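# Analysis of the macromolecular model
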Amino acid sequence: MEALVIRGGASLKGRVRVGGAKNAALPIMAAALLAPGASTIEDVPHLKDVDTMSGVLNALGTPTARQGSTISIDASSIDSTEPPYDLVRAMRASFLVMGPLLARTGRVTISLPGGCAIGSRPIDLHLKGLSALGADIEMGYGQISARADKLSGARIYLDFPSVGATENIMMAASLAQGLTVIENAAQEPEVVDLANFLNAMGARVRGAGTNVLRIEGVEALEPTSYMVVPDRIEAGTLMIAAAATMGALTIENAVPEHMKSITAKLREAGVYVVEDVDGSITVQADSRPDGVDVKTMPYPGFPTDLQAQFMALMCVSSGMSVITETVFENRFMHVAELARMGASIRIDGRSAVIEGQEHLSGAQVRCTDLRAGACLVIAGLVAQGVTEVSEVYHIDRGYERFEEKLTQVGADIERIEKA
Ligand code: UD1
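Residues numbered from 1 in each chain as written. Predicted model: local features only at pLDDT ≥ 70, side-chain atom pairs only at ≥ 80, totals over all residues. Heavy atoms only, no water.

## Examining the overall build of the chain
Rules: Starting at the N terminus, helices and strands are each numbered in turn, a helix being any DSSP run of H or I of at least four residues and a strand any DSSP run of E of at least two. In this treatment the radius of gyration is a C-alpha quantity, and the globule benchmark scales as 2.2 Å times the residue count to the 0.38 power. Three labels apply to residues, based on accessible area from a 1.4 Å probe with only protein chains included: buried if under 20% of the type maximum, exposed if over 50%, partly exposed otherwise in between. The contact rule is simple, with two residues in contact once any of their heavy atoms fall within 4.5 Å. A 1.4 Å probe and the Shrake-Rupley method give the accessible areas. Residues count as covered only by the protein chains that appear here. This count recognises Lys and Arg as positive and Asp and Glu as negative, with His and chain-terminal groups excluded. Throughout, a charge is located at the NZ atom of Lys, the CZ atom of Arg, the CG atom of Asp or the CD atom of Glu.
The helix and strand inventory of the chain stands at 14 helices and 25 strands. Compactness check: the chain gives a C-alpha radius of gyration of 21 Å against a globular reference of 22 Å for 419 residues, within 12% of the reference. Judged by the C-alpha coordinates and their principal axes, the chain covers about 65 × 50 × 40 Å. Counting over 419 residues, the chain shows a buried share of 58%. If you take every contact in the chain between residues at least 6 apart in sequence, the share linking residues at least 24 apart comes to 73%. Accessible surface computed for the chain: about 15800 Å², of which carbon and sulfur atoms make up 47%. In the chain, 36 side chains carry a positive charge and 50 a negative one; their mean positions are 2 Å apart.

## A short note on the domain arrangement of the chain
Test applied: Domain start and end points were adopted from an automatic or database domain assignment. Once two parts are joined, some of their accessible surface, as seen by a 1.4 Å probe, is lost; buried area is that loss totalled over both. We define a salt bridge as a contact between a side-chain nitrogen of Lys or Arg and a carboxyl oxygen of Asp or Glu at a distance within 4 Å. Polar contacts here mean pairs of N or O atoms no more than 3.5 Å apart (in protein, one a potential hydrogen donor and the other a potential acceptor; neighbouring residues in sequence count only if both atoms are side-chain atoms).
Split by domain assignment, the chain resolves into domain 1 (2-19 + 230-417) and domain 2 (22-227). Counting residues at the interface gives 23 residues for domain 1, matched by 23 residues for domain 2. Among the residues domain 1 hides against domain 2, the three largest losses belong to Tyr299, Arg397 and Glu400. Together they make up 33% of the total. The tally of links between domain 1 and domain 2 comes to two salt bridges. Across the pair Arg397 and Asp49 runs a salt bridge, and its minimum N-O distance is 2.8 Å. Our count for the contact surface shared by domain 1 and domain 2 stands at six residue pairs in polar contact (both at pLDDT 80 or more). Listed by contribution, the elements that provide at least two residues to the side of domain 1 that touches domain 2 are helix 12 (370-382) and helix 13 (393-398).

## Notes on the nonpolar core
Inclusion rule: To qualify as a nonpolar core, a set must consist of buried Ala, Val, Leu, Ile, Met, Phe, Trp, Tyr and Cys residues joined through side-chain atoms within 4.5 Å.
Membership of the largest hydrophobic core comes to 74 residues, with the highest contact counts inside it found for Met170 and Leu198. It is helix 1 (residues 22-31) that provides the largest number of residues to this core, a total of seven residues. Not counting the four nearest positions on each side in its chain, Leu198 is found in contact with Ala31, Leu34, Met170, Met171, Ser174, Ala203, Val205 and Leu221.

## Remarks on helix 9 (residues 260-268)
The complete set of buried residues in helix 9 reads Ser261, Ile262, Thr263, Lys265 and Leu266. In this structure, the buried residues of helix 9 make contact with helix 8 (232-244), strand 15 (272-275), strand 17 (294-295) and helix 10 (307-315). Just downstream of helix 9 lies Gly270, where phi reads positive at about 90 degrees.

## Some details on the pattern of salt bridges
Going through the model one piece at a time under the given rule, you end up with 18 salt bridges. Between Asp412 and Arg7 there is a salt bridge whose closest N-O contact spans 3.4 Å. You can see Asp412 sitting in strand 25 (residues 412-417) and its partner Arg7 sitting in strand 1 (residues 2-7), a full 405 residues away along the chain. By sharing partners, the salt bridges in this structure join Glu2, Asp396, Glu403 and Arg415 into a single network.

## Section: the packing of aromatic side chains
Rules: Stacked, tilted and edge-to-face are the three classes applied to pairs of Phe, Tyr and Trp rings, where Trp contributes its six-membered ring and a pair requires centres within 6.5 Å; stacked means planes under 30 degrees apart, edge-to-face means over 60, and tilted covers the rest.
Across all of its chains, the model carries three aromatic pairs by this definition. Summarising the aromatic geometry, the rings of Phe197 and Tyr226 are spaced 5.6 Å apart at their centres and angled 70 degrees between planes, so their arrangement reads as edge-to-face. With Phe197 in helix 7 (residues 189-200) and Tyr226 in strand 13 (residues 225-227), the pair connects residues that are 29 residues apart, well separated along the chain. For the pair shown, Phe197 and Tyr226 are each scored as buried.

## Brief notes about the site of the ligand
Our working rule: Proximity is defined per residue: if any heavy atom of the residue lies within 4 Å of a molecule or strand, that residue is considered near it. Only Asp, Glu, Lys and Arg are considered charged in this grouping, and only Ala, Val, Leu, Ile, Met, Phe, Trp, Tyr, Cys and Pro are considered nonpolar; every other residue, Gly among them, is considered polar.
Around the ligand, the surrounding shell holds 18 residues, and the nearest of these are Asp124, Leu125, Ser162, Asp305 and Val327. Residue Leu125 places a main-chain N or O atom 2.7 Å away from an oxygen atom belonging to the ligand. Between the ligand and the protein, one listed contact pairs an oxygen atom with a side-chain N or O atom of Asp305 at 2.6 Å. Taken by itself the ligand offers 740 Å² of open surface, and the protein chains cover 86% of this. A total of three residues in the shell around the ligand trace back to one element, the largest contributor, which is helix 5 (residues 124-132). Residue composition of the shell around the ligand, by class: eight nonpolar, five polar and five charged. Taken domain by domain, the shell around the ligand gets at least three of its residues from each of domain 1 (2-19 + 230-417) and domain 2 (22-227).

## With respect to helix 1
Within helix 1, nine of the 10 residues are buried, leaving the element largely enclosed by the surrounding structure. Among all positions of helix 1, only Lys22, Ala24, Ala25, Leu26, Pro27, Ile28, Met29, Ala30 and Ala31 are buried.

## Points about the sheet that holds strand 4 (residues 64-67)
Whether parallel or antiparallel, the strands of a sheet pair through hydrogen bonds between backbone atoms. Going by this rule: Two strands are said to pair when DSSP picks up at least two bridges between them. Here the axes come from fitting lines to C-alpha atoms, over the contacting stretch only for helices, and the angles between their N-to-C directions go from 0 to 180 degrees.
Read from one edge of the open sheet, four strands run 4-5-3-13, paired in mixed fashion. Two strands bound the open sheet, and with one partner strand each, they are strand 4 and strand 13. On average, adjacent strands in this sheet sit at an angle of 20 degrees to one another, irrespective of strand direction. Judged from the four bridges that link them, strand 3 (residues 38-42) and strand 5 (residues 70-74) form a sheet pairing that is antiparallel. Looking at the pairing, Ala38 lines up with Asp74 of strand 5.

## Topic: the side chain of Arg232
As for its placement among the helices and strands, Arg232 is situated in helix 8. On the basis of relative accessible area, Arg232 is assigned to the buried category, the value being 9%. In this view, Arg232 contacts Glu188, Pro189, Glu190, His258, Met259, Tyr299, Pro303 and Leu306; residues no more than four positions away in its chain are not counted.

## As for the sheet that holds strand 1
Spatial ordering of the open sheet is given by 22-24-1-25, a layout of four strands whose pairing is mixed. Every interior strand has two partners, whereas the edge strands, strand 22 (364-366) and strand 25, have only one. Neighbouring strand axes in the sheet, compared pairwise and without regard to direction, differ in orientation by 25 degrees on average. Direction of pairing for strand 1 relative to strand 24 (residues 386-390): antiparallel, over a ladder of five bridges. Following the sheet pairing, Leu4 is matched in strand 24 by Val389. On the sheet, helix 12 packs against strand 1, strand 22, strand 24 and strand 25 and is oriented at approximately 30 degrees with respect to strand 1.

What follows is the structure, encoded as structure tokens:
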């Protein structure tokens, strides 16, 4: 088991580049199943979740190969429509192969998905959408089987703008007969990126980035080459780390447009954020941030995937703040770990009330999920003394060379092997 040992106190200074977005790369890799032939996807980060998706595709008989940050997927033929349980259990996004497999082959059998333990995370909206397109869905023994000789366009209203459900339905609808309209669709940049990839394959998806998607089904899709959008969650994590350590960090390859909610909240907290002419973002803080309230919301609201990291920042603010989580019902597991470092946080239902402290103190803490792991690393950077963050595999699921990038801009972090 590996751990990160962080000696707190250093300010992050310099330039750092964010990679391609994990949450765009995963659905795009799944979407490559829709087109017979070899698709090439560029700027795919080296992450455990990406390896898991490659494993799923390999197991379906669609071999993947990586060269640097480019992954090619040969979906000339599909040998299996049953993604292996071990891989689906390891990562919820494996479930994104359901729509493409159903649309391309007419059948799929998949186990109920796993992933970060941040709430019950049902899949009812995925199934409701696929069923509206004409799939015959059966559930039992922890598995879901779906069949459809033919998918037909439909009007689908999502009760919640689920990212995964929007993506699964959009992929299936691309090969359905006729028009599909998804109302209350997710508007996340990763959904837009998937729509762009599908359109590059010859799909007809309109309205991506708004809450109504219109997908005119086509007979067949062609393989293509595509570059994944930069990772706004990695960018946001680095912006928060810069603010927390009172540093001056320039983040390259971020899309400022995607960072609006985090930029607004950092500015409200008194942090200096500026978009440079070359598109990079500079974050600078000369004093502790003010306490500000944050509520997570679907895009363009404040992302739930930055809630934990922002909480680490508020733990060292000079005031009170209330962070409300509305997207997932159980995403405060980092609170107990932050408390071990001297944070003062009270949970009240879906809100955490934080009283900022002058300092946190180094402690032994454990990652409970991916973004909680990033939160603890930020807390370790600002804590007095040494923090040891264990169960780092959570961080490796979603951050490429995390401690290496932070070390390059001044952090004192070392990865150690623990018995
Ligand atoms: C994606 C992201 C994840 C992010 C989340 C919300 C990927 C690979 N993962 O996850 O990092 O935290 O969006 O921005 O892109 N829900 C239902 N029924 C469903 C589906 C979802 O009730 O069928 C609920 C979930 O329980 C949750 C909420 O909708 O409370 C949001 O989930 P969703 O948007 O689907 O997240 P994911 O696609 O799983």
